[in-house]
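Remarks on the overall topology
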Amino acid sequence: MSDLRFTPGQVVDVAKAVRGGSWRVAEYRMRNMLHWWAAIISFGLGNPVLYLVSVGIGIGGLVNKASGGHLLGGVPYLEFVAPALLASAAIQGVMDEVTFPVMEGFTWEKYFFAINATSVSAKQIANGVMLAAIIRGVWTVIMYGGILLAFGAIPFTSLLPLMFSSLIAGVAWSAVIMAVSANLKNDDGVFAIIGRFVIAPMFLFSGTFYPLDLMPLYVRWIGWISPLWHSTQLGRDYTIGLAEPMWLQAVHYVYFALMGVIGMLIVYRAFVRRLGE
Amino acid sequence: MSETAKEIVLSAKGLTKIYGDFTAVAGIDFEVRRGESFGILGPNGAGKSTTMKMISAVSKRTGGELNILGKDPNQKGPEIRAHLGVVPQKDLLDRELKTWENLFVYGRYFGLPRKWLHKKVDELLAFAQLEDKRNSKVDEMSGGMQRRLAIARGLVNEPEILLLDEPTTGLDPQARHVLWDRLFRLRENGVTIILTTHYMDEAEQLCDRLVVMDAGKIMAEGSPADLIKTYASKEVLELRFGTDRNEETAPQVAKFGDRVEVLPDRVLLYTENGEAALESVMDAGLKPVTSLVRRASLEDVFLRLTGRSLVD
């Protein structure tokens, strides 16, 4: 039994409290993620190793033998798929942190309402969730990038720009996904549908495993609208000298910027509306 | 009471909240002074929780004026919330985190330094009598413990106003009394408390002053004793004649008291002297199945004001 020492209204530095809300939410999200550190690390390391061995070396051996190395302009298959694998890992990693955590925050456990009762604003909660997702993405591309280097799948000098183009794709795509999850009243299998009918075709038809040009024109559009394709193209510019013109490289980044900005505007609106009801 | 103790920390004028075509709060006026323990009493659906959300500087009002700690919550929500402690009806504790982490993380939202918080967390755990649950997960604790943790969490920023939405709903009687004791201590320490409740005994125990709400409106305002004095009598004689006879016997009982209310299961006779009234009833040969004399409560006030009982 004890009494509280209490000086009402004295301990909080209001300016500081109001300013740093996004970071504090990110701090909370990371503390939460730490509960799953073993899964995050083993998935982060295991996933690339499995893909590189099975697709890069296994299928790659077949492709290289069958084409005599000419099909991809003399580029070994492992090097061809490497940027695509990194981009898809980044997209998946960042996205994981804006789907179920947002459902949990609004619907399942309603944590966001508790956070919003403090000096943290609705927008800051959204930013904090995204910030933590980006940090998870950085972690993912560092691990994956390191393994690609170890496998000799990418040149060392391309590592930083490649990590950047992959991460940016993950963030842009996740802003759009977060716009969806922020507006969901309940899951109802929406994420399963997105996984099967959006993510899976995106993974298969974005020039991930073969150049998009090999596809008939009527399915190529899937690649053109897919952030994975844009990111893979940029990655191949950096690693295997795909050498797209500058304007086309700029288009990729503009596309990401649009996705990110439009996504987050919808996210902010949903957060402000739902928390202020 | 000193001059500072009388300072108004919250004032609402014509406060209104409309969702679509439903008016949840229909223009209410009230003021809360520093150090006061203020209650909002009413049945489910009266607009208490909506009022609470507005004075928590979270939900934006659709009409009227609201001033909290000298600021307008529609403009300065985060600044105001920096000095509020909110204990929501459903606790909203983090199930992934340990007890101490729930307090620590919450303190971080206010930008409080880690070192300071580690000390504060110990102090709060002691206050909430949860020291031995320090490393437990939320799910491992009873409902009463979870509620105490939620209250401790609401105190982490040493708020100027502590807001509690239905603090003891769903708790067993023993847990309620432990909680009341904790709240009583806060009140003694001069913490300004605003709480909603649909329990009359809770309002009587914890509130210096309260408003009675029904259908989005304030029906009456005052201290519990004043309200009882104004809207009820000193004592109440409860008589049960059996379901069929309550209605028909009521007019004959009425002349022995100031006023009579007929409920489905009993007849309430408001009087200054319950025992004397009971004697008169017996003398008149009315033979109730059971009878009870009790002190009038806020339940009676509510019944008088709305014609309905608080808890259906």
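Please refer to the structure higher up on the page.
Everything in this summary refers to the structure shown in the same document. (Residues numbered from 1 in each chain as written. Chains lettered and ligands numbered in written order. Predicted model: local features only at pLDDT ≥ 70, side-chain atom pairs only at ≥ 80, totals over all residues. Heavy atoms only, no water.)

Once that is clear, we can look at the overall build of chain A. Along the backbone of chain A there are twelve helices and zero strands. Mapped in sequence order, the helices and strands of chain A form the string α-α-α-α-α-α-α-α-α-α-α-α. Along the longest, intermediate and shortest principal axes, the C-alpha atoms of chain A span 80 × 40 × 35 Å. In chain A, which comprises 277 residues, the proportion classed as buried is 53%. Within chain A, contacts between residues at least 6 apart in sequence are counted, and of these 75% link residues at least 24 apart. Here chain A has roughly 12300 Å² of accessible surface; of this, 71% comes from carbon and sulfur atoms. A gap of 4 Å separates the mean positions of the 17 positive and 14 negative side-chain charges of chain A. (Helix = DSSP H or I, 4+ residues; strand = E, 2+ residues; numbered from the N terminus. Buried < 20%, exposed > 50% of the residue type's maximum accessible area, 1.4 Å probe, protein only. Contact = heavy atoms within 4.5 Å. Areas by Shrake-Rupley, 256 points an atom, 1.4 Å probe, with all protein chains shown as cover. Lys, Arg positive; Asp, Glu negative; His and termini not counted. Charge placed at Lys NZ, Arg CZ, Asp CG, Glu CD.)

Our next topic: helix α10 (residues 274-283) of chain B. All names here are of chain B. Residues of α10 that are buried include every one of G274, A277, L278 and V281, and no others. Along α10, the residues classed as buried sweep out an arc of 100 degrees about the axis, all on the same side. Away from its buried face, by an angle of more than 90 degrees, α10 presents the exposed residues E275, E279 and D283. The elements touched by buried residues of α10 are β10 (235-240), α9 (243-254), β12 (267-271) and β13 (290-295). The N-cap of α10, judged by a side-chain oxygen 3.3 Å from the amide nitrogen of E275 a few residues on, is N273. (Arc of directions from axis to C-beta. Polar contact = N/O pair within 3.5 Å; in protein donor to acceptor, adjacent residues only side chain to side chain.)

What follows concerns the environment of A:G74. Residue and element names in this part refer to chain A. For G74, the position within the fold is in the loop between α3 (37-67) and α4 (77-96). Judged by relative accessible area, G74 falls into the exposed class, the value being 51%. Spatially, the C-alpha atom of G74 lies 26 Å from that of S226, the residues being 152 residues apart in sequence.

Listed as interface residues are 39 residues of chain A and, on the opposing side, 48 residues of chain B. Between chain A and chain B the total buried area reaches about 4000 Å² when both faces are included, carbon and sulfur atoms providing 57% of it. Applying the counting rule to chain A against chain B returns four salt bridges. Remark: the boundary between chain A and chain B carries 18 residue pairs in polar contact (both at pLDDT 80 or more). Elements that contribute at least two residues to the side of chain A that touches chain B include exactly α1 (14-19), α2 (21-34) and α6 (111-116) of chain A. With six residues, α2(A) is the largest single contributor of residues to the side of chain A that touches chain B. Of the residues belonging to the side of chain A that touches chain B, the class tally is 19 nonpolar, ten polar and ten charged. (Buried area = accessible area lost by both parts, 1.4 Å probe. Salt bridge = Lys/Arg side-chain N within 4 Å of Asp/Glu carboxyl O. Nonpolar A, V, L, I, M, F, W, Y, C, P; charged D, E, K, R; others polar.)

Residue placement: B:S59 occurs in the loop between α1 (48-55) and β4 (63-68). Given a relative accessible area of 4%, B:S59 falls into the buried group. Separated by 3.2 Å, the side chain of B:S59 and the backbone oxygen of A:E277 make a polar contact. Here the side chain of B:S59 touches B:K17 through a polar contact of 2.9 Å, side chain to side chain. Setting aside residues up to four positions removed in sequence, B:S59 forms contacts with A:G276, A:E277, B:K17, B:Y19, B:K53 and B:M54.

Now for unusual backbone geometry. Its identity as a non-glycine residue notwithstanding, A:K110 has a phi of 60 degrees, on the positive side. By the element assignment, A:K110 lies in the loop between α5 (100-108) and α6. The backbone phi angle of B:Q129 is positive, close to 55 degrees, even though this residue is not glycine. On the secondary structure map, B:Q129 appears in the loop between α4 (114-127) and α5 (143-154).

Turning next to a nonpolar patch on the surface. Residues and elements named next belong to chain A. A contiguous nonpolar surface patch, about 510 Å² in accessible area, is contributed by L34, W37, I41, L45 and W139. Top contributing element to the nonpolar patch by residue count: α3, with three residues. With respect to the helices, strands and loops of the structure, L34 is situated in helix α2. (Patch = residues over 30% accessible without salt bridge, like charges linked within 9 Å, V, L, I, M, F, W, Y side chains within 5 Å.)

Quick look at the packing of α3(A) against helix α7 (residues 122-150) of chain A now. Residues and elements named next belong to chain A. Running from N to C, α3 and α7 cross one another at 40 degrees; their axes reach a closest spacing of 9 Å. Comparing their axes, α7 and α3 come out oblique. Remark: the crossing between α3 and α7 carries right-handed chirality. Across the interface between the two elements, I40, I41, G44, L45, N47, P48, V49, Y51 and L52 from α3 touch R136, W139, M143, Y144, I147 and L148 from α7. Tallied by class, residues from the contact of α3 with α7 come to twelve nonpolar, two polar and one charged. (Axes fitted to C-alpha atoms, helices over the stretch in contact; angles between N-to-C directions. Parallel < 35°, antiparallel > 145°, perpendicular 65-115°, else oblique. Left-handed = near helix turned anticlockwise from the far one by under 90°.)

Let us now look at the pairing of strand β11 (residues 259-262) of chain B. It is a general feature of regular strands that their side chains alternate between the two faces of the sheet. All names here are of chain B. Side chains of β11 alternate between two faces, with R259 and E261 buried and V260 and V262 left unburied. By the bridge criterion, four bridges tie β11 to β12 in an arrangement that is antiparallel. Counted as the bridge partner of V262 is V267 from β12. Between β11 and β12, which pair antiparallel in sequence order, lie four residues. (Pairing = 2+ DSSP bridges.)

Moving on to α9(B). All names here are of chain B. Helix length check: α9, at twelve residues, gives a terminal C-alpha distance of 18 Å against a target of 16 Å (1.5 Å per residue), a fit within 8%. Listing the buried residues of α9 in full gives N246, T249, A250 and V253. The buried residues of α9 occupy an angular sector of 140 degrees when projected down its axis, which confines them to one face. Exposed side chains of α9 directed beyond 90 degrees from the buried face belong to D244, E247, E248 and P251. Looking at the buried residues of α9, the elements they touch are β10, β11, β12 and α10. (Expected span 1.5 Å × (residues − 1).)

What follows deals with the packing of aromatic side chains. Residues and elements named next belong to chain A. One pass over the structure, following the stated rule, counts 16 aromatic pairs over all chains. A ring pair is formed by Y51 and F203, whose centres lie 6.0 Å apart and whose planes are at 80 degrees; its orientation type is edge-to-face. Taken together, the residues span a long stretch of sequence, with Y51 in helix α3 and F203 in helix α9 (residues 190-204) at a distance of 152 residues. Between F203 and F209, the ring centres sit 5.3 Å apart and the planes meet at 80 degrees, which makes this aromatic pair edge-to-face. (Phe/Tyr/Trp six-rings, centres within 6.5 Å; stacked < 30°, edge-to-face > 60°.)

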